[in-house]
Amino acid sequence: MREQGAGLARQLYIPAVLCTALWGSAAPCIKKGYLLFGIGAGQAFSQLLFAGWRFALAGLLVLLVARCKGRRIVPRRTEWRPILWLSLFQSMIQYVCYYIGLSATTGTKGAVLSGTQSFFALILAHLCLKNDKLDRNKALGCALGFAGVLVLGMGGLNSFSLVGDGLVLLSAASAGAGALVSRIFTPGRDPMLLTGWQLLIGGLFLLAVGTAGGGRLTAVTLPGVLLLGYMIVLSAAAFTIWTALLGKFPVGKVSLFGFLIPVFGTVFSALVLRENVFTPRNMAALALVSGGIALSNTVRGSKAGGEQA
């Protein structure tokens, strides 16, 4: 029994926690990147240029890893449609909103608000898929999560910025839609091929928009380049790890760890950005959103018995 527990920790727990830590570090790293590359809060096209370099190169890295593993990386004709749909929601709309919105809010609030993408995915699946309806745990989890958003918004528009927090929330809705599109199109196809190409196409789109709008990286320094390199590896590695886990364990066991993403985002915001994260409002919102994610991914009763690794 002890050996089985150690094997599960090595194969599931440690990789899942590592993956959520990588994703959780994204929000503070983006804000730190704005400082290192001399990108101001109102420079939307420069922000999109920064995002474009990250995701275009991350897409190339995912495809390179797939190629090194002996996988096919040239899409068939029937795969271009899902690639474009995924890119629209998971790279284009999501990150246009996220990168612009994050510049006008704190890393802590960005990390907590982006965690709501799980709830948007559940609600959209309930509305669009016949075999994936909300049960009691999912409904309560969504209610807890959006209660966390309301807690962050206490104090009126001075506390909840429509330009900052509103765009981050919209990016979470787009990510939820992307998760639904992925659920529809990914079965039977190589997820690494789909994601590598959707990241590459989305990144090139962001680069094109940022360049056309006159965006530029004012200061290019070694620390900035190293940070961008970390963010590129972050995107490629986190996806690769998560995909491997989903291929080995039931979805419920893996997605349960998603509650750690806003937790890590809050911790890294304190460490990297020196934000005062330990306010009653931040802690209450974090507890509600993280608890909601955990609850909504908890399998009830007989369903739990039917899912074996």
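Quick caveat: nothing in here was measured; it's all calculated off a predicted structure.

Definitions and cut-offs
Residues numbered from 1 in each chain as written. Predicted model: local features only at pLDDT ≥ 70, side-chain atom pairs only at ≥ 80, totals over all residues. Heavy atoms only, no water. Helix = DSSP H or I, 4+ residues; strand = E, 2+ residues; numbered from the N terminus. Buried < 20%, exposed > 50% of the residue type's maximum accessible area, 1.4 Å probe, protein only. Contact = heavy atoms within 4.5 Å. Areas by Shrake-Rupley, 256 points an atom, 1.4 Å probe, with all protein chains shown as cover. Salt bridge = Lys/Arg side-chain N within 4 Å of Asp/Glu carboxyl O. Axes fitted to C-alpha atoms, helices over the stretch in contact; angles between N-to-C directions. Parallel < 35°, antiparallel > 145°, perpendicular 65-115°, else oblique. Left-handed = near helix turned anticlockwise from the far one by under 90°. Patch = residues over 30% accessible without salt bridge, like charges linked within 9 Å, V, L, I, M, F, W, Y side chains within 5 Å. pLDDT = per-residue confidence, 0-100. Core = buried A, V, L, I, M, F, W, Y, C linked by side-chain atoms within 4.5 Å. Phe/Tyr/Trp six-rings, centres within 6.5 Å; stacked < 30°, edge-to-face > 60°.

Undergrad: What exactly am I supposed to notice about the overall build of the protein here?
TA: Assigned secondary structure in the protein consists of 14 helices and zero strands. Listing the helices and strands of the protein from first to last along the sequence gives α-α-α-α-α-α-α-α-α-α-α-α-α-α. Out of the 309 residues belonging to the protein, those deemed buried represent 49%. Sequence separation of 24 or more characterises 87% of the internal contacts of the protein that already satisfy a separation of 6 or more. Total accessible area on the protein stands at roughly 14,500 Å², and carbon and sulfur atoms take up 68% of it.

Undergrad: What is the right way to look at the pattern of salt bridges in this model?
TA: When the charged atoms of two side chains lie near each other, side chains of opposite charge can form a pair. Enumeration over the complete set of coordinates arrives at three salt bridges. For Glu79, the salt bridge is made with Arg72, and the minimal N-O distance between the two is 3.0 Å. For Glu79, a relative accessible area of 4% translates into the label buried. Note that Asp165 is salt-bridged to Lys109, the shortest N-O span being 2.9 Å. Taken together, the residues Asp165 in helix 8 (residues 165-185) and Lys109 in helix 5 (residues 107-114) connect sequence positions 56 residues apart. Assigned by exposure class, Asp165 and Lys109 land together as buried.

Undergrad: Help me understand the packing of helix 3 (residues 44-68) against helix 4 (residues 80-102) in this model?
TA: One way to put it is that helix 3 packs onto helix 4 with a least axis distance of 9 Å and a crossing angle of 125 degrees. Taken together, the axes of helix 3 and helix 4 lie oblique to each other. Of the two elements, helix 3 crosses helix 4, and the hand of that crossing is right-handed. Residue-level contacts link Ala44, Gln47, Leu48, Phe50, Ala51, Arg54 and Phe55 of helix 3 to Tyr95, Val96, Tyr99 and Ile100 of helix 4.

Undergrad: What should I look at first to understand helix 2 (residues 26-36) in this one?
TA: Most of helix 2 is tucked away: eight of the eleven residues are buried. Turning to helix 2, its buried residues number three or more, namely Ala26, Ala27, Pro28, Cys29, Ile30, Lys31, Gly33 and Tyr34. At the exit of helix 2 stands Gly38, carrying a positive phi of roughly 65 degrees.

Undergrad: Teacher, can you tell me more about a nonpolar patch on the surface here?
TA: A cluster of nonpolar side chains, Trp53, Leu57 and Leu60, forms an exposed patch at the surface whose accessible area comes to about 260 Å². According to the relative accessible area criterion, Leu57 is partly exposed, its value standing at 33%.

Undergrad: Explain the confidence of the model for the protein here, please?
TA: Of all residues in the protein, 89% have pLDDT values of 70 or greater, and the mean over the chain is 83. Looking at the elements of the protein, mean pLDDT is at its lowest for helix 14 (residues 301-306), recorded as 37, and at its highest for helix 3, recorded as 94. Low pLDDT, under 50, characterises residues 301-309; the predicted model gives this stretch ten contacts beyond four residues in sequence or across chains.

Undergrad: What exactly am I supposed to notice about the environment of Arg136 here?
TA: Tracing the chain through its elements places Arg136 in helix 7 (residues 136-152). For the pair Arg136 and Ser296, spaced 160 residues apart in sequence, the C-alpha separation works out to 8.5 Å.

Undergrad: Mind showing me how you'd approach the nonpolar core here?
TA: Grouped burial of nonpolar side chains is what soluble globular proteins tend to show. By size, the foremost hydrophobic cluster in this structure holds 43 residues, and its most contacted members are Ile30, Phe50, Phe55, Tyr98, Tyr99, Leu113 and Met231. A total of seven residues in this core trace back to one element, the largest contributor, which is helix 3. With near-sequence residues (within four places) excluded, Met231 lies in contact with Cys29, Ile30, Phe50, Arg54 and Tyr99. Counting residues in each nonpolar core, the second largest holds twelve residues, with Leu12, Leu22, Leu234 and Trp242 among its members.

Undergrad: I'm lost on the packing of aromatic side chains in this one. Help?
TA: Remark: the centre distance and the inter-plane angle together describe each pair of aromatic rings, the angle taken between the planes. On inspection of all chains with the given rule, the structure shows 14 aromatic pairs. Look at Phe37 and Phe50: their rings are 5.3 Å apart centre to centre, the planes differ by 45 degrees, and that puts the pair in the tilted class. Here Phe37 is found in the loop between helix 2 and helix 3, whereas its partner Phe50 is found in helix 3, with 13 residues between them in sequence. For Phe50, a relative accessible area of 1% corresponds to the buried category. Taken together, a centroid distance of 6.3 Å and an interplanar angle of 80 degrees make the contact between Tyr95 and Tyr98 edge-to-face. With Tyr95 and Tyr98 both in helix 4 and three residues apart, this pair spans about one turn of that helix.

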